[in-house]
Amino acid sequence: MYDRDWAPEGLPGFAREAEALGVDDLWVVEDLGWNGGVSAAAVALGATEHIRVGIGIAPAPLRSPALLAMELATLARVFPGRLVAGVGHGVREWMESAGVAPRSPLALLEETITSVRALLRGERVELDGREVRLDGIALVHPPADVPPVIAGVVRPRSLELAGRVADGVLIAEGHGPGDLENTRTLTAKGGAGPEHTLTVLSFACVGDDADAVARTLHPHTEGHGAWLGRPQDEVFTVSGPPAQAADDIRALHACGADTVVLRIVGPEPLGQLAALLTSFGR
């Protein structure tokens, strides 16, 4: 992940260096007041040659489904096969501060994802929904290689919704192997099949000094634990010496994660990444 707190002008160089190290994906962030997710994805795609770029995540209340589909189609046409788009509810307080909080977050997310996916497939969309209205909208240039649209959600009803309407699900930092079985169960309850992908975000700090790693992670796991409603020591991280951090990733994969996105904290994030990838033989 290119962290939201890192200035956008550093993204092209970071993306090129991450690609050179051998990562498969680079994920950018769209949080209110930070960087724009679609524009950041365009910067990262333009700076690299083959890695996939993920948007994690576009808040549905901030994004007209028609405009979001237009933006995604443009990127998918220019960079075919290299884009994945995450869409979520957005942080309720932020959506209220922007004056776009929906009456029904679940309805808005379902109608947004359903209509965006249909538009990207080249369909003409007629929708008179609870939150979204589209009157015969179609894309003039739909992509031949349709990018996956995944739902960035956490709670049970939203996970079921993701299984029903999205190509996959993205779950927030702090969720460990023990959480993934429940995630898969809930998305399957919504109708997800084996092709439904699971992407997991994780705080990461790689280093041999256990005390330094713990100190670096502490403010992140403390705040996130409060948000998740779980004790700080139960907030999962990919951390420790490179071999241990690599085992953390393998544990997520063994429990169903298709993609693990590292939100690296602490000094020299690319150096940490390089050490970790070395443990995978990359």
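Now for a quick tour of the structure. All values reported here derive from a predicted model rather than from experimental measurement.

Glancing now at the packing of aromatic side chains. Taken as a whole, this structure holds four aromatic pairs when the rule is applied. Relative to W6, the ring of Y2 lies with its centre 5.2 Å away and its plane at 80°, an arrangement referred to as edge-to-face. The class of W6 is partly exposed, set by a relative accessible area of 22%. A centroid spacing of 5.8 Å and a plane angle of 45° characterise the contact between W34 and W94, whose relative ring orientation is tilted. Here W34, found in the loop between strand 1 (25-28) and helix 2 (37-47), pairs with W94, found in helix 4 (residues 92-97); they are 60 residues apart in sequence, far enough to count as distant. Across the ring face of W34, the terminal group of R4 is positioned such that the distance to the ring centre comes to 3.9 Å.

A separate point is the layout of surface pockets. In this approach, a probe sized like a water molecule rolls over the atoms, and the result shows the empty space that is left. Here the largest pocket is characterised by a volume of approximately 1,300 Å³. Around the largest pocket sit 47 residues that line it, and V91, V154, A172, H224 and W227 are the ones nearest its centre. The set of elements that each furnish at least two residues to the lining of the largest pocket consists of strand 2 (52-59), helix 4, helix 5 (105-120), helix 6 (156-165), strand 7 (168-171), helix 7 (177-189), strand 8 (197-206) and helix 8 (210-228). Among the elements that make up the lining of the largest pocket, the one with the highest residue count is helix 8 (six residues). Counted by class, the lining of the largest pocket contains 23 nonpolar, twelve polar and twelve charged residues. Its volume calculated, the second largest pocket comes out at about 580 Å³. What lines the second largest pocket is a set of 22 residues, and nearest its centre among them are V23, D24, V260, L262 and L277. Elements with a contribution of two residues or more to the lining of the second largest pocket: helix 1 (11-21), strand 1, helix 9 (242-254), strand 10 (259-264) and helix 10 (269-279).

Moving on, we come to the pairing of strand 6 (residues 149-152). Look at any regular strand and the pattern is simple: side chains alternate between the two faces of the sheet. Residues V149 and A151 point to one face of strand 6 and I150 and G152 to the other, with burial holding for every one of them. As paired strands, strand 3 (residues 83-88) and strand 6 are joined by four bridges and run parallel to one another. Within strand 6, the residue paired with A85 across the bridge is V149. Of the strand pairs in this sheet, strand 6 and strand 7 are connected by three bridges, and their pairing is parallel. In the sheet register, I150 faces strand 7, and the bridge partner there is G168. The parallel pair strand 6 and strand 7, bridged by helix 6, forms a crossover whose chirality is right-handed.

Inspection of the secondary structure assignment puts V235 in the loop between helix 8 and strand 9 (237-240). On the basis of relative accessibility, which here comes to 7%, the residue V235 falls in the buried class. Filtering out sequence-adjacent residues up to four positions away, V235 remains in contact with G174, T221, G225 and R230.

Parameters and conventions
Residues numbered from 1 in each chain as written. Predicted model: local features only at pLDDT ≥ 70, side-chain atom pairs only at ≥ 80, totals over all residues. Heavy atoms only, no water. Phe/Tyr/Trp six-rings, centres within 6.5 Å; stacked < 30°, edge-to-face > 60°. Buried < 20%, exposed > 50% of the residue type's maximum accessible area, 1.4 Å probe, protein only. Helix = DSSP H or I, 4+ residues; strand = E, 2+ residues; numbered from the N terminus. Lys NZ or Arg CZ within 6 Å of the ring centre and 35° of its normal. 1 Å grid on protein atoms, 1.4 Å probe; cavity = no way out; pocket = protein on both sides within 12 Å on 5 of 7 lines; lining within 4 Å. Points joined across faces, edges and corners; volume = space filled by probe spheres on them. Nonpolar A, V, L, I, M, F, W, Y, C, P; charged D, E, K, R; others polar. Pairing = 2+ DSSP bridges. Right-handed = clockwise from strand over helix to strand, strands pointing away. Contact = heavy atoms within 4.5 Å.

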